[in-house]
Amino acid sequence: MTVEAERISVDHVAHLKPSGGSAATQLAAQLTGIHSAIKMLNSRIRVLHQYLVGMQIGDIPCENALLRQVSSLLRRIPATESEKFQDDFLMEYNDTLFVTYLATFTNCSSTMNDVVDKFNTAYDRHSRRGGWTAFI
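About the criteria used
- Residues numbered from 1 in each chain as written.
- Predicted model: local features only at pLDDT ≥ 70, side-chain atom pairs only at ≥ 80, totals over all residues.
- Heavy atoms only, no water.
- Helix = DSSP H or I, 4+ residues; strand = E, 2+ residues; numbered from the N terminus.
- Buried < 20%, exposed > 50% of the residue type's maximum accessible area, 1.4 Å probe, protein only.
- Contact = heavy atoms within 4.5 Å.
- Areas by Shrake-Rupley, 256 points an atom, 1.4 Å probe, with all protein chains shown as cover.
- Salt bridge = Lys/Arg side-chain N within 4 Å of Asp/Glu carboxyl O.
- pLDDT = per-residue confidence, 0-100.
- Patch = residues over 30% accessible without salt bridge, like charges linked within 9 Å, V, L, I, M, F, W, Y side chains within 5 Å.
- Phe/Tyr/Trp six-rings, centres within 6.5 Å; stacked < 30°, edge-to-face > 60°.

Engineer: Provide a residue-level description of the overall build of the chain, including the pertinent values.
Structural biologist: The number of helices and strands found in the chain is four helices and zero strands. By the burial criterion, 4% of the 136 residues in the chain qualify as buried. Counted over contacts in the chain with a minimum sequence separation of 6, partners at least 24 positions apart contribute 0%. With the model as given, the accessible surface of the chain reaches about 12200 Å², and the carbon-plus-sulfur share is 63%.

Engineer: Which residues make up the pattern of salt bridges, and what values do they have?
Structural biologist: Scanning the model with the defined rule gives one salt bridge in all. One salt bridge connects aspartate 88 with lysine 84, and the closest N-O pair in it is separated by 2.9 Å. Of this pair, aspartate 88 and lysine 84 both sit in helix H4 (residues 83-128), four residues apart, roughly one helical turn. Given the relative accessible area of 35%, aspartate 88 is considered partly exposed.

Engineer: So what's going on with the confidence of the model for the chain? Residues and values would help.
Structural biologist: Summary statistics for the chain give a mean pLDDT of 79 and a share of 72% for residues scoring 70 or more. Taken element by element, the predicted model of the chain shows its lowest mean pLDDT in helix H1 (residues 4-14) (63) and its highest in helix H3 (residues 64-76) (88).

Engineer: How would you explain a nonpolar patch on the surface if you had to name every residue and give the values?
Structural biologist: There is a patch of nonpolar side chains on the surface, built from Phe85, Phe89, Leu90, Tyr93 and Leu97 and spanning about 480 Å² of accessible area. Relative to the assigned elements, phenylalanine 89 resides in helix H4.

Engineer: Outline the packing of aromatic side chains, supporting the account with residue identities and numerical values.
Structural biologist: Applying the stated criterion across every chain yields a total of four aromatic pairs. Plain terms: the ring middles of tyrosine 101 and phenylalanine 105 are 6.3 Å apart, the flat faces sit at 20 degrees to each other, and that makes the pair stacked. Within this pair, tyrosine 101 and its partner phenylalanine 105 are both found in helix H4, separated by four residues, close to a single helical turn. A relative accessible area of 52% places tyrosine 101 in the exposed class.

As structure tokens, this is what we get:
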């Protein structure tokens, strides 16, 4: 069973339309947007935390309606200290690292193939003039 955030992410990726940029450019833009969203969430949580600390100290008067809303928000956040979360997180992290490794390896293989093709082309031209022959 997927959680709501996963479903939204999958829907978002499924509806991405290719633009003039490359896939790497689109991914960089996507990750920049996610980074900005996380920074905004972090700043809002800090403001809420400061407000609650001020309420606990007594600098700000206690508002029960606000505390109920905060409690409701906190119940929506999944517990991140569980063993299952850590296992799932590490599995996702390892999968991401593996895909990145494969992408880098594929890119290097493609570049190496281009170099070999150019090398063979250069030696083929040279061999026509009676010089070396291609060895690759």
